[in-house]
Structure formats: structure tokens, C-alpha cells
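Fold and contact review
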Amino acid sequence: MADQGQLPPLPPLTIGEYTLPVPIIQGGMGVRVSAHNLAAAVANEGGLGIIATVALSLASKHYKKAKDYFRANVKALVDELTWAREKSPNGLIGVNCMVAIRDYEDMVRTSVEHGAQVVISGAGLPLRLPEYAASNPKTALVPIVSSLRAASLLAKRWHKTYKRLPDAMVFEDPNTAGGHLGTSREKLFTPEYSTEVVLPQLAEWSRKEYNDEIPIITAGGIWDRKDIDHAFSLGAKGVQMASRFICTHECDAMDAFKQVFIDAKPSDVIIVDSPAGLPGRALKTTFTTDLMRGEEVAKKCIATCLTECRCREEEETFCIAYALHQAQQGNMDHGLVFTGSNAVRHTHMMHVWEIFEELTGQKSPSAHLRPQPVDNVTEA
Ligand SMILES: Cc1cc2nc3c(=O)[nH]c(=O)nc-3n(C[C@H](O)[C@H](O)[C@H](O)COP(=O)(O)O)c2cc1C
């Protein structure tokens, strides 16, 4: 275990009917960067493991042709949830479902029916999430927001329409988070949307309006225990961390994807315009260099995955499902590698349990699941 001195224990986090022994949520990372292996490893450490549901089928046996895409996604999601549960029988496993995806409703319904304990949902306001998740009222529902206005509107709407409140909310700071960012390019890097400003507002709102019944979880730029303690001092009850878990043996992307992070320099963290109409934070690859030079990149829509898509509708930008899938497979000539602002802090591969030991200062609860070193036996 890394020498952390005597770290005070982190408080457990209750989300609806579930209590996380460690208040760390692993952020959903599509396409297939966080699938069953990473989610189960995080769940086995007492955190919340999240399978990103977007385009799961692309590397699965269920997908052969574009017309199979949506049906195959459902089957691939059932597989991932089953495998995660096999690897972590007692841990908490959830999913990330994006509103901006055409099979959003199917992804939520399938997740809830196949044992996801938590649904985290962003990339748009998940106004109808309670309806799609109604088949299991025990499933905790956690919207992602980037402002107090969005949080307040959503909580009021859910209460009025469904007589329920979000079981927690994730605030995602567009100035530091990875993937699609919840603000326009023009407003990026303005303090208005930063953790320092919005997190205390949300914490106070939850306390005053809802008696702390909606715990606020913060996401974006959380790397070490200092960051976690700071987030808690601003009112967070939990943290969602994504980029930190990429260079782990358990992360579901290919090694070449992880190597891009280990090799990254600060100037490699860039902002790209996604076909979803939002800016996205990514790492420079051959693909992004070509894109920025205006050279031809893959534009053939392989999945019709987004509800609104500049690639499909206007033949602009690029096919995001293809680019994210290529990256996950380790093909950087065609791959888009999403990242948080902390990408350059990766120096080597680690195990998820090592990261948890570092962050909590506690011995990993999963030690008994790992193969034990074999003693050297010398033959007589
Ligand atoms: C590779 C990658 C893929 C991501 N994919 C998704 C996704 O599918 N859905 C989503 O809501 N957020 C996605 N995110 C955002 C993360 O879940 C998380 O909230 C954010 O990256 C937190 O910041 P951090 O990476 O600095 O910890 C992604 C982030 C990364 C780095």
C-alpha cells in the first residue's frame, strides 16, 4: 500500500437504498472503456462500478452489420451486467445512460431489468428517467447536471410528475471533465461553471430545499486524496472519477489506448467539436490531428447512435461511434480518445485496488480475491 500516513476514513455514501462503503463512483466511459471488468473491480473495492452503455455492441459477438446495432446493444448490455455481477457478487454495479443516444430508453429499461442498482444519466436532462426505470423502484436514479438551474428544474419536474426525487446528483465540471462537456465552447473555462462556484451552490440547495436528501457528487479533475478532501470541503458527499481509472489493468480498453495517456504531454489535451454539437475533451492522436487539419476522416455513419448528429445529418465532423470504438480497440489513426484534464498525471499502469488503497489509506477488501504469490519451492 502507498504510504499515506494516517488518512481519516472517507464517509460512506448512501444513494437511495444502497450504501457505498467508499464514496467513490467510477465515471461511465464509453465506448467500452468502462465495461464489466473495470466496473466489477471498482465495486469490489467498495466504490460504485459503472458500465457505460453507449455502443457496447460494437466489439461484441452480437454485432455483425449496421442493421444489428440497436438489438445487439441490448444483448451486449445484458452480457456486461451479467459478467460484472459474476466478478463482483456483492459490490454495487450501475450504468451510465446518455439522454442524447437514440436507444437511451432501451438502455435504461434493460439495465433496470437486468440488475443495475444505479442509473447515472446525463448528456441532456433526463426528464423521463423515472418512467423508463419504473419496473424496479429500488434502482437508484442519478442525473448529471452542470448548473444549479438544471438541478432545480429536474428535481421539481420529477417530484411533480413522478412523485420522486433524484437519489443523488452528479455535478460535472466542464472545465476539467472528460468526454462530452455540458457547456458551449465559448463558455468553457469560465468560472461560472466551475466546481468552486457550482458545487457549493448545489450543496446548499440540497441542504435547504431537500434536507440533504439529494447528496451531491462532484466530477471532473479528481485525482488524489487532496482533491477528494477539497471536494468534500465544498459540500460534496461523493466523487465521480473517470480518467484516474484508465491506466489500470482492469480498464476495458486495449493497452494501446492506455499508452496514449502514459505518453501524453500537457499540450496533448485538446478540445474537439463532437457531432453531438458539444465540445469534448480529448487527447491528441493521428485522428484528431487529421481532423483539425481538415483532412478526410471517417464520416460514414455506422450506428445512427445519436438523436441529433452533425455527421449523419450534415455530413460534417466525424462518426463518433466509429472513432470511439477505434480508440478503444487501440487504433489511434482513426481513434478519438476522450480524457479529463488530468490525463498527463498517468505515469504507469496500476491496479484498481492500488488506487483505492492510495485514496482511502485502508487495506483493500479484495485482497482475498487476488491470486496469492507462490512460495519458491526448491526441489530436493
Ligand atoms: C474516455 C472517457 C469516456 C467518457 N464517456 C462518458 C459516457 O459515455 N457518458 C458520460 O456521461 N460521461 C462520460 N465521460 C465522463 C466521465 O464519466 C466523468 O464524469 C468525467 O470524465 C470526470 O472527470 P475526470 O475524468 O477528470 O475524473 C467519459 C470520460 C472519459 C475520460
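Here the structure is a predicted model, which means the values were calculated and not measured.

Examining the overall build of the protein chain
Counting secondary structure elements, the protein chain contains twelve helices and 14 strands. Here the C-alpha atoms of the protein chain give a radius of gyration of 20 Å, agreeing with the 21 Å that 2.2 N^0.38 yields for 380 residues. Taking the principal axes of its C-alpha atoms as reference, the protein chain extends roughly 65 × 65 × 40 Å. When the 380 residues of the protein chain are sorted by exposure, 53% land in the buried category.

Structural notes on the nonpolar core
By size, the foremost hydrophobic cluster in this structure holds 121 residues, and its most contacted members are Ala39, Val119, Val142, Met169 and Ala321. Not counting the four nearest positions on each side in its chain, Met169 is found in contact with Val142, Pro143, Val145, Ala151, Leu202, Ile214, Ile216 and Ile217.

Looking at the pairing of strand β5 (residues 92-98)
Successive residues of a regular strand alternate their side chains across the two faces of the sheet. The element β5 is largely enclosed, with a buried count of seven among its seven residues. Both faces of β5 are covered, namely the face carrying Leu92, Gly94, Asn96 and Met98 and the face carrying Ile93, Val95 and Cys97. Considered for its hand, the β-α-β crossover made up of strand β4 (residues 48-52), helix α2 (residues 69-87) and β5 is right-handed. The sheet contact formed by β5 and strand β6 (residues 118-122) spans five bridges and is parallel. Within the sheet, the bridge partner assigned to Met98 lies in β6 and is Gly122. As a crossover connection, the stretch from β5 through helix α3 (residues 104-113) into β6 is right-handed.

A word on the environment of Val112
Within the secondary structure layout, Val112 lies in helix α3. Between the C-alpha atoms of Val112 and His368, which are 256 residues apart in sequence, the distance is 30 Å.

Reading guide: rules and limits
- Residues numbered from 1 in each chain as written.
- Predicted model: local features only at pLDDT ≥ 70, side-chain atom pairs only at ≥ 80, totals over all residues.
- Helix = DSSP H or I, 4+ residues; strand = E, 2+ residues; numbered from the N terminus.
- Rg over C-alpha atoms; globule rule 2.2 N^0.38 Å.
- Buried ≥ 20, exposed ≤ 12 C-beta atoms within 10 Å, placed from the backbone.
- Core = buried A, V, L, I, M, F, W, Y, C linked by C-beta atoms within 7 Å.
- Contact = placed C-beta atoms within 7 Å.
- Right-handed = clockwise from strand over helix to strand, strands pointing away.
- Pairing = 2+ DSSP bridges.

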